[in-house]
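If you want the building blocks of each chain, they are given just below.
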There are 2 protein chains.
Amino acid sequence: MIDEKVINEFSQIVGARGLLNENLDLFTYSYDASFLPLLPAAKPDLVLKPQSTQEVAAIMKLAHKYRIPVVARGLGTGRTGGSVPAEGGLVLCLDEMNQILELDDQNLMLTVEPGVKTQDIYQFCAERGLFYPPDPSSLKQSTIGGNIAENAGGPRAVKYGVTGDYVMGLEVVLADGSVLQTGGKMIKNVTGYDLTRLFVGSEGTLGIITRAILRLIPMPKIRRTAQALFDSLDGACAAVSRSIKSGAIPAAAELMDQISIEAVAKFRNIELDPRVKAGVIFEFDGDSEAGLDAQIGEAERLCAECGSVQFRIAKTKEEEDELWSLRRGMSSAIAALAANRIAEDISVPRAALPEIVKRLREIAARYGLQLAVFGHAGDGNLHPSLLADLNAPGEKEKVEQAVGEIFQAALAVGGTLSGEHGIGLTKKDYLADALGETGMAAIRSIKKALDPAGILNPGKIF
Amino acid sequence: MIDEKVINEFSQIVGARGLLNENLDLFTYSYDASFLPLLPAAKPDLVLKPQSTQEVAAIMKLAHKYRIPVVARGLGTGRTGGSVPAEGGLVLCLDEMNQILELDDQNLMLTVEPGVKTQDIYQFCAERGLFYPPDPSSLKQSTIGGNIAENAGGPRAVKYGVTGDYVMGLEVVLADGSVLQTGGKMIKNVTGYDLTRLFVGSEGTLGIITRAILRLIPMPKIRRTAQALFDSLDGACAAVSRSIKSGAIPAAAELMDQISIEAVAKFRNIELDPRVKAGVIFEFDGDSEAGLDAQIGEAERLCAECGSVQFRIAKTKEEEDELWSLRRGMSSAIAALAANRIAEDISVPRAALPEIVKRLREIAARYGLQLAVFGHAGDGNLHPSLLADLNAPGEKEKVEQAVGEIFQAALAVGGTLSGEHGIGLTKKDYLADALGETGMAAIRSIKKALDPAGILNPGKIF
């Protein structure tokens, strides 16, 4: 509970407009897009909606003075509970700081506030022939602040990298309310430690991002989609790896296992060749027709060598949409198979994909659970979905144990707990297994250095 | 001075072979490639050459126990005194940990020890059709450990990024001798803070890098060189910016001002068109002839629009070498113009290049010093060279003041102190101007968190 007097002090910063403390409001800011809403809500004591860096800084000064926990959030699309106010306190909702502040057309840099939606950034740039590549699945709803805080990825990471690869500078309000500027519009910068990258992916535990400078690239002139269906998952994985090694690097290479494909096919009434055990949707992009033809030709040849039973190249926008529909319908189609879908986000070395899928299937079989696997074959980032009915007796415990084993399997093949969703609340129990004692001590010491009072997003990551 | 008893303890770790403490040896490890050798030497008390992570860890445990400063180094090609033992103590020379440990051909990852030369990594990969892009000028002598510690760049950064963009994981021995593993062969990884990136560019002040996992890409199938000469430096800068924006992104775009070009022309007896005021050497690479032709064609067109008086495309390897000879001969040709050449390494937003060159010239004129400017036009990283005779009365002071003003000018146009050489000893006095009080406090707190006793490369950066 926050004292009435203190609430008044906050109110003086943001005004009545920017302060929410009705019960229903508090509930609205208590969850994200993870499976945590199924658990008892962790309600904030107060929600503030600042409109400027100055307001955020003033709020943090007060919060620091009174040692009130502060959880920053955008639109709550996170998948690991990162923006859930686990220990109550303040939720700092940044969705009203949603301006694109500057397009620097000469340096190809965009300066934005944290509350701008990722899709709006993409669109704004695309209309000007420029490209902001990171494309988390949530991009229509997620904000850039959240993308940066979780270092969000997406299908295009295989060719273009993740959010962090496009963040050149940040403005961050630190735990004590001081305002830090990192990086800038320089491409090369070795001036002190790389604080920009330290805040990227730090999940709101080190500071509140209030502004970001994003690097843009020219929009590729041509894109082409192809769909390859395979008689084995190993073949599908090998085709993607070999394509990348050959230099035919797809802008996206989305992998789907047999259960995933069959689910979508059923959901969408698509006739499926019975030999199909896996599929890959490829996107290629580039600037010359000839170059693109050569790449797709190479990919097709390699797919055939790896046991593809079908390779279709979209010739029209409609065909492109049709090919992508297999992948785009996936989440809903799989969700329809069971009462609950528990989707994870592990990341492994690309070559370990066949091995990890084998292990995941063994785990699911051991617990008698259905498992669908899809993900980003080009970068080894998988989203295994356990299908269950969490209300059935004993099912929740089984799922929890299976999830634990999934993480152990990811680590065992040289991978890690999260490729693009972060650790948040849902994976913190496994973190020490991934980082080891020395790694945990190192990140704890950094957290303590930048937030000695521990008020920033407490209970997350660690 | 290190106690004889303690020296004996170190000797038990590395053996007589790995321990140097003769006066001449100590002198050999007292300097790097910066202008600091002109100053009184900062000699180490002891040089150790470990051959394994275990030895490094044991050394650090002892050094930590006795609070002895430790300066890691490779082959001493640094430009800012980063490996100079400013406060004496131990120099840890890692040049005997020089093995390429593993090529993971499936995941396109290379695991190396810190003492491998950058050129050897490039060559090893090139022979297998793979590409390690970072190309600091010192690559024939510099080691990968030093490249990572300084986040070295190079001409190819404009298209391919810098060293840090290829480091996927590190093994680091921390100040207390504990061994930290960061990252791995995963492309996507949001598991705890990005410690890998924190150690990249930390100049040996946070830990000793003992192993690195490097990401490789397929070697581009074709490369082509072009040389454009311009009647103005503004035109040369504009041509590079417009080329990048159009999607014709060069693999390198090396800028030379009039003094630099004239120096090389004189040095090499090349006849120069009197209209020439600036030049750019472009390298383009790709996988298809057609795609490359289109890119070079676009670059040529844009150069013409920006006032190029000549645009030559190399047709043979000999012509390529000839075109590059302008750039490759630059350092020696400029050095021959004066007794001393004080070369800096500022990094500015690309579009600020004309403005910064104008300001640099004003500064040089004010101090009556000659100035040659060349650098990486594609990424805004410039190497202004002041020409002087440091033995002439008052000249050293003039140069020092001019260098200070050069840094202020870089900051004033939105740039920073270093693009690829680091801060080391030579730029630390200017760091607070670049990072501000909050930035300084943040990096100091991180240093203190990871090296509370302050034994790692003391006197650097801060």
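What this report covers is the structure whose coordinates are included nearby. (Residues numbered from 1 in each chain as written. Chains lettered and ligands numbered in written order. Predicted model: local features only at pLDDT ≥ 70, side-chain atom pairs only at ≥ 80, totals over all residues. Heavy atoms only, no water.)

### Considerations on the relation of the copies chain A and chain B
Piece 1. In the superposition of chain A on chain B (RMSD 0.0 Å, axial shift 0.0 Å), the rotation amounts to 180°. Such a turn and shift between the copies fits a two-fold axis.
Piece 2. The overlap is high: 100% of the interface residues of chain A also sit at the interface in chain B, so the same surface is used on both sides. (Least-squares fit on C-alpha atoms with pLDDT ≥ 70 in both. Contact = heavy atoms within 4.5 Å.)

### Quick notes on the sheet that holds strand S4 (residues 90-93) of chain A
Residues and elements named next belong to chain A.
Piece 1. As summarised here, the arrangement of the 4 strands in space is S1-S2-S4-S3, forming an open sheet in which the pairing is mixed. Because the sheet does not close on itself, it has two edges, and the strands there are strand S1 (19-20) and strand S3 (70-73).
Piece 2. Relative to strand S2 (residues 46-48), S1 is paired through 2 bridges, and the arrangement is antiparallel. The residue of S2 that forms the bridge with Leu20 is Val47.
Piece 3. Against the sheet, helix H3 (residues 53-66) engages S2, S3 and S4, with an angle of about 170° to S4. (Pairing = 2+ DSSP bridges. Helix = DSSP H or I, 4+ residues; strand = E, 2+ residues; numbered from the N terminus. Axes fitted to C-alpha atoms, helices over the stretch in contact; angles between N-to-C directions.)

### Some thoughts on the sheet that holds strand S4 (residues 90-93) of chain B
Residue and element names in this part refer to chain B.
Piece 1. Spatial ordering of the open sheet is given by S1-S2-S4-S3, a layout of 4 strands whose pairing is mixed. Two strands lie at the open edges of the sheet, namely strand S1 (19-20) and strand S3 (70-73), each paired on one side alone.
Piece 2. With 3 bridges joining them, strand S2 (residues 46-48) and S4 adopt parallel strand pairing. Residue pairing for S4: Leu48 is matched across the bridge by Leu92.
Piece 3. Across the sheet, helix H3 (residues 53-66) is in contact with S2, S3 and S4; its angle to S4 comes to roughly 170°.

### What about a nonpolar patch on the surface?
All names here are of chain A.
Piece 1. Among the surface-exposed residues, Leu24, Phe27 and Tyr31 lie close enough to one another that they form a single nonpolar patch of about 320 Å² accessible area.
Piece 2. Along the chain, Phe27 turns up in helix H2 (residues 23-28).
Piece 3. Judged by relative accessible area, Phe27 falls into the partly exposed class, the value being 41%. (Patch = residues over 30% accessible without salt bridge, like charges linked within 9 Å, V, L, I, M, F, W, Y side chains within 5 Å. Areas by Shrake-Rupley, 256 points an atom, 1.4 Å probe, with all protein chains shown as cover. Salt bridge = Lys/Arg side-chain N within 4 Å of Asp/Glu carboxyl O. Buried < 20%, exposed > 50% of the residue type's maximum accessible area, 1.4 Å probe, protein only.)

### Some thoughts on the pattern of salt bridges
Piece 1. Per the counting criterion, the structure on display carries 66 salt bridges over all chains.
Piece 2. A salt bridge links Lys188 of chain A to Asp379 of chain B; the nearest nitrogen and oxygen atoms lie 3.1 Å apart. Note that Lys188 of chain A is positioned in the loop between strand S9 (179-183) and helix H7 (195-199) and Asp379 of chain B in the loop between strand S18 (370-376) and strand S19 (381-388), a pairing that runs across two chains.
Piece 3. Taking relative accessible area as the criterion, Asp379 of chain B reaches 0% and is therefore assigned buried.
Piece 4. A salt bridge links Arg128 of chain B to Glu127 of chain B; its shortest N-O distance comes to 3.8 Å.
Piece 5. Members of the salt-bridge network, linked through shared partners, are Arg17, Lys49, Asp95 and Glu96 of chain A.

### Details of the side chain of Ser347 of chain A
Piece 1. The residue Ser347 of chain A is located in strand S17 (residues 346-347) in this model.
Piece 2. When sequence neighbours within four positions are dropped, the list of residues in contact with Ser347 of chain A reads Asp379, Gly380, Asn381, Gly415, Thr416, Ser418 and Gly419 of chain A together with Met186 and Lys188 of chain B.

### Digging into helix H10 (residues 289-305) of chain B
Three or four residues apart is the spacing at which side chains of an α-helix point the same way, because the helix has 3.6 residues per turn.
Residues and elements named next belong to chain B.
Piece 1. Taking 1.5 Å of rise per residue, the 17 residues of H10 would be expected to cover 24 Å, and the 24 Å separating its terminal C-alpha atoms lies within 8% of that figure.
Piece 2. Within the sequence span of H10, burial applies to Gly291, Leu292, Ile296, Ala299, Leu302 and Cys303. Relative to the axis of H10, the buried residues are bounded by an arc of 125° and lie together on one face.
Piece 3. On its buried side, H10 packs onto strand S12 (222-230), helix H8 (233-246), strand S14 (278-286) and strand S15 (308-313).
Piece 4. Following H10 by one or two positions, Gly307 has its phi on the positive side, about 90°. (Expected span 1.5 Å × (residues − 1). Arc of directions from axis to C-beta.)

### Some words on the interface of chain A and chain B
Piece 1. Chain A puts 76 residues into the contact, and the matching count from chain B is 76 residues.
Piece 2. Where chain A abuts chain B, roughly 5,800 Å² becomes buried across the two surfaces, and 63% of that area is made up of carbon and sulfur atoms.
Piece 3. Broken down residue by residue, the surface that chain A buries against chain B is led by Lys188, Val190 and Tyr193 of chain A, which jointly contribute 18%.
Piece 4. Taken together, the connections running from chain A to chain B amount to 8 salt bridges.
Piece 5. Where Asp105 of chain B meets Lys245 of chain A, a salt bridge forms, and the shortest distance between an N and an O atom there is 2.8 Å.
Piece 6. Linking chain A with chain B are 26 residue pairs in polar contact (both at pLDDT 80 or more).
Piece 7. Broken down by element, the side of chain A that touches chain B gets its largest block of residues, 12 residues, from helix H15 (residues 431-450) of chain A.
Piece 8. Of the residues belonging to the side of chain A that touches chain B, the class tally is 32 nonpolar, 30 polar and 14 charged. (Buried area = accessible area lost by both parts, 1.4 Å probe. Polar contact = N/O pair within 3.5 Å; in protein donor to acceptor, adjacent residues only side chain to side chain. Nonpolar A, V, L, I, M, F, W, Y, C, P; charged D, E, K, R; others polar.)

### Digging into the nonpolar core
Piece 1. By size, the foremost hydrophobic cluster in this structure holds 189 residues, and its most contacted members are Phe282, Ile356 and Leu386 of chain A together with Phe282, Ile356 and Leu386 of chain B.
Piece 2. For Ile356 of chain B, the contacting residues outside a window of four places in its chain are Ile346, Val348, Leu382, Ala409, Ala410 and Val413 of chain B. (Core = buried A, V, L, I, M, F, W, Y, C linked by side-chain atoms within 4.5 Å.)

### A short note on the state of the cysteines
Piece 1. With the rule as written, the count across this model stands at 0 disulfides over all chains.
Piece 2. Counting only cysteine sulfurs, Cys306 of chain A is the nearest neighbor of Cys303 of chain A, a cysteine outside any disulfide, at a range of 6.9 Å. (Disulfide = S-S within 2.5 Å.)

### Observations regarding the packing of helix H13 (residues 353-366) of chain A against helix H14 (residues 395-412) of chain A
Residue and element names in this part refer to chain A.
Piece 1. For the pair H13 and H14, the least separation of the axes is 10 Å and the interaxial angle reads 160°. Classified by the interaxial angle, the pair formed by H13 and H14 is roughly antiparallel. Crossing angle aside, the handedness with which H13 passes H14 is right-handed. Here Ile356, Arg359, Leu360, Ile363 and Arg366 of H13 come into contact with H14, specifically with Ala402, Glu405, Ile406, Ala409, Ala410 and Ala412.
Piece 2. Looking at side-chain class alone, the contact of H13 with H14 contains 8 nonpolar, no polar and 3 charged residues. (Parallel < 35°, antiparallel > 145°, perpendicular 65-115°, else oblique. Left-handed = near helix turned anticlockwise from the far one by under 90°.)

### Looking at the pairing of strand S6 (residues 109-112) of chain A
Residues and elements named next belong to chain A.
Piece 1. Here S6 shows no split at all, with Met109 and Thr111 on one side and Leu110 and Val112 on the other all buried.
Piece 2. Pairing between strand S5 (residues 100-104) and S6: 4 bridges, direction antiparallel. From the neighbouring strand, Leu103 faces S6, where its bridge partner is Leu110.
Piece 3. Sheet topology places S6 next to strand S10 (residues 208-215); 4 bridges connect them, and they run antiparallel. Bridge pairing in S10 places Met109 opposite Arg215.

### Examining the environment of Ala336 of chain B
Piece 1. Positionally, Ala336 of chain B belongs in the loop between helix H12 (330-335) and strand S16 (340-343).
Piece 2. A C-alpha to C-alpha distance of 12 Å links Ala336 of chain B and Arg268 of chain B, two positions 68 residues apart in sequence.

### Some remarks on the environment of Leu110 of chain A
All names here are of chain A.
Piece 1. Within the fold, Leu110 resides in strand S6.
Piece 2. The spacing of Leu110 and Met168 is 58 residues in sequence and 9.7 Å in space, taken between C-alpha atoms.
Piece 3. Setting aside its immediate chain neighbours within four residues, Leu110 contacts Ile100, Glu102, Leu103, Ile121, Phe124, Cys125, Ala212, Ile213, Leu214 and Leu216.

### Some remarks on the packing of aromatic side chains
Piece 1. Enumeration according to the criterion identifies 16 aromatic pairs over all chains in this entry.
Piece 2. Between Tyr193 of chain A and Phe462 of chain B, the aromatic rings sit 5.8 Å apart at their centres with planes inclined by 75°, giving edge-to-face as the arrangement. Here Phe462 of chain B lies in the segment after helix H15 (431-450) and Tyr193 of chain A lies in the loop between S9 and H7, a pairing that spans two chains.
Piece 3. Residue Tyr193 of chain A is classed as buried on the basis of its relative accessible area, which comes to 4%.
Piece 4. By the ring-pair criterion, three or more aromatic residues cluster together here, those being Tyr122, Phe131 and Tyr160 of chain A.
Piece 5. Looking at Arg223 of chain B, its charged tip hangs above the ring of Phe131 of chain B, at a distance of 5.1 Å from the centre. (Phe/Tyr/Trp six-rings, centres within 6.5 Å; stacked < 30°, edge-to-face > 60°. Lys NZ or Arg CZ within 6 Å of the ring centre and 35° of its normal.)

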